[in-house]
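Listed below, chain by chain, are the residues.
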Amino acid sequence: MEQSRMPLLEAVKTFETADPAYFRIPAHRFQRGVNPRFLEAVGEQVFRYDLSEAEGLDDLHHPEGAIREAEELAAELYGSDRCWFLVNGTTCGNEAMILSAAGPGEKIMVPRNAHKSVLMGLILSGARPVWIQPEYLEDWGLFGAVTPQAVEEGFRREPDCRAVFLVSPTYYGICSDIQAIAKICRRHRALLLVDEAHGSHLYFSEKFPQGALRQGADLCAQSTHKTAGSMTQSSMLHLQGPLADPARVDENLKLVMSTSPSYLLMASLDAARCELALHGREMMDKTGELAALAEERLRKIPGIQVLEETSGALRFRKDPARLVFSARELGIGGYELQERLYREYGVSLELADYENAAAVVTWGNTREDILRLTEGAAKIAGEAGKTRRAPLAKKNFKMPKLPDMRLTPREAYFSRKRTVPWEEASGKTAGETAAPYPPGIPLIYPGEILEPEIWEMLDRCRKDGIVLHGPASPGLARYRVI
């Protein structure tokens, strides 16, 4: 196929150029019905590409023309057998993968660091999660890779698991050994599903870890907008091999994806794919060079640590474009470091947690961006060194053990709930998720027993002002139980 073509973008441009009398949704009629201040802010051309399933533009839920050709080009580029464009982000891709792999009561192996969209997929499907623990990096206070040994142990406990779900890379850029895990899944005739939301760029340079599809994943969802240049909320879902049923995947995507897909988002996927096909290697080479420069400069700052591909006795592969660093030895937490870099130096980072901060480096960054980041970090570190703060106290978020599951996520979702004072919640069955954010890894899921050890960890988050996603009560004054 001709990777320099952009069939969907070309179809939208042809329609827009014809300037028809338009009687379809959306209501703004190209740029003519848009709020003038909004039009002035973003320009009129974007609205001329905001269309619906007009003549020649194909239909995302039954593609036969330009969309189908654009998806086929993406499949060829990534080496998959089938690609679907997603306009509800990787969230709907994760949901569709789970729906396609396991039904009510069937088991699916899931790591504890899975994105919250996985819980949505479990609720929709009725599948029973078999939880496994990713590695915990004590030095950094964050979760890392899922090991092949953890997956083997999961199958020993629950040999009838229909699928294994992985997150690789993680939000912090840590990659699991997908190739080894894929071999384990083959022996157990289980599907391997990979949330590759942060890894759509891994296919274009040997300097990066290999992408999930090249390591044997059966289904793989990618947030193209996160790391490969399309517009926010646009993603792709890939299928390869004979184990996953494309008709079932297609049917499940119709269940979870909008029936009013944005042509702006889909055209941006087409354009991002074309750019990667033509210039992917040089784009990733530039990304790697900029990230290496940032890492080198950060390492030279007294008191700043940078995450490497080792932590204590643990070894793992890491996406070099995900720059994770900490000033904990200077008594500066991740939230403070992120806030000060923006407020004092105009540097906006992707995330922070109690200890760490992280930047996502791409080919779109400049050397000047890197200098602002590293010079700002150096000044903050220098000031902290003069005041001689005590190092940040360690806060271990590793669960002592997995909580007992009394109800499946779906059963818990539809169960009646009541609200109790937080102090009375220990030992009860959780009615809502509680996840320190970022990165949003739940310490408790609905349907699990809120063991005293987990209650104490959440209580520590409450007292320390760490943001918790899931609980309806701000500050965790109350908690919903079943």
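The structure under discussion appears in the preceding block.
Residues numbered from 1 in each chain as written. Predicted model: local features only at pLDDT ≥ 70, side-chain atom pairs only at ≥ 80, totals over all residues. Heavy atoms only, no water.

**Notes on the layout of surface pockets**
Which parts of space are left empty comes out when a probe the size of a water molecule is rolled across the atoms.
Point 1. Approximately 370 Å³ is the volume attributed to the second largest pocket.
Point 2. Around the second largest pocket sit 18 residues that line it, and Ser348, Ala359, Val360, Val361 and Asn365 are the ones nearest its centre.
Point 3. Taken together, the elements giving at least two residues each to the lining of the second largest pocket come down to α9 (224-227), β17 (356-360) and α13 (367-387).
Point 4. Considering each element in turn, the lining of the second largest pocket owes the most residues, 4 residues, to α13. (1 Å grid on protein atoms, 1.4 Å probe; cavity = no way out; pocket = protein on both sides within 12 Å on 5 of 7 lines; lining within 4 Å. Points joined across faces, edges and corners; volume = space filled by probe spheres on them. Helix = DSSP H or I, 4+ residues; strand = E, 2+ residues; numbered from the N terminus.)

**Examining the nonpolar core**
Point 1. With 90 residues, the main nonpolar core has Phe85 and Ile108 as its most contacted residues.
Point 2. Filtering out sequence-adjacent residues up to four positions away, Ile108 remains in contact with Ile98, Ala102, Leu122, Ala127, Arg128, Pro129, Val130, Ala163, Phe165 and Leu193.
Point 3. Leu290, Phe325, Ile332 and Ala384 belong to the second largest nonpolar core, which has 26 residues in total. (Core = buried A, V, L, I, M, F, W, Y, C linked by side-chain atoms within 4.5 Å. Buried < 20%, exposed > 50% of the residue type's maximum accessible area, 1.4 Å probe, protein only. Contact = heavy atoms within 4.5 Å.)

**Side note on the pairing of strand β15 (residues 322-326)**
Point 1. Within β15, 5 of the 5 residues are buried, leaving the element largely enclosed by the surrounding structure.
Point 2. Along β15, one buried face is formed by Arg322, Val324 and Ser326 and the opposite face, lined by Leu323 and Phe325, is buried too.
Point 3. Inspection of the sheet shows β15 paired to β17 by 5 bridges, in the antiparallel sense. When the bridges of β17 are listed, Val324 appears paired with Ala358. (Pairing = 2+ DSSP bridges.)

**Remarks on the sheet that holds strand β8 (residues 191-195)**
Point 1. Pairing within the open sheet is mixed, and its 7 strands lie in the order β1-β10-β9-β8-β6-β2-β3. Each of the sheet's edge strands pairs with one partner strand only, and the pair in question is β1 (82-86) and β3 (128-132). Across the sheet, the mean angle from the axis of one strand to that of its neighbour is 20°, orientation sign disregarded.
Point 2. Alignment of strand β9 (residues 219-222) against strand β10 (residues 235-239), held across 4 bridges, turns out to be antiparallel. By the bridge assignment, Leu219 is partnered in β10 with Leu239. (Axes fitted to C-alpha atoms, helices over the stretch in contact; angles between N-to-C directions.)

**Brief notes about the sheet that holds β17**
Pairing between the strands of a sheet is mediated by backbone hydrogen bonds and can be parallel or antiparallel.
Point 1. The 4 strands lie next to each other as β11-β15-β17-β16, forming an open sheet whose pairing is antiparallel. Only two strands of the sheet have a single neighbouring strand rather than two, namely β11 (305-306) and β16 (351-352).

**Focus: the packing of helix α5 (residues 89-101) against helix α10 (residues 246-256)**
Point 1. Relative orientation of the contacting elements α5 and α10 amounts to 130°, with a least axis distance of 9 Å. Classified by the angle their axes make, α5 and α10 are oblique. Read as a crossing pair, α5 and α10 show a hand that is right-handed. Residues Cys92, Glu95, Ala96, Leu99 and Ser100 of α5 touch α10, and the partners they reach there are Arg248, Val249, Asn252, Leu253, Leu255 and Val256. (Parallel < 35°, antiparallel > 145°, perpendicular 65-115°, else oblique. Left-handed = near helix turned anticlockwise from the far one by under 90°.)

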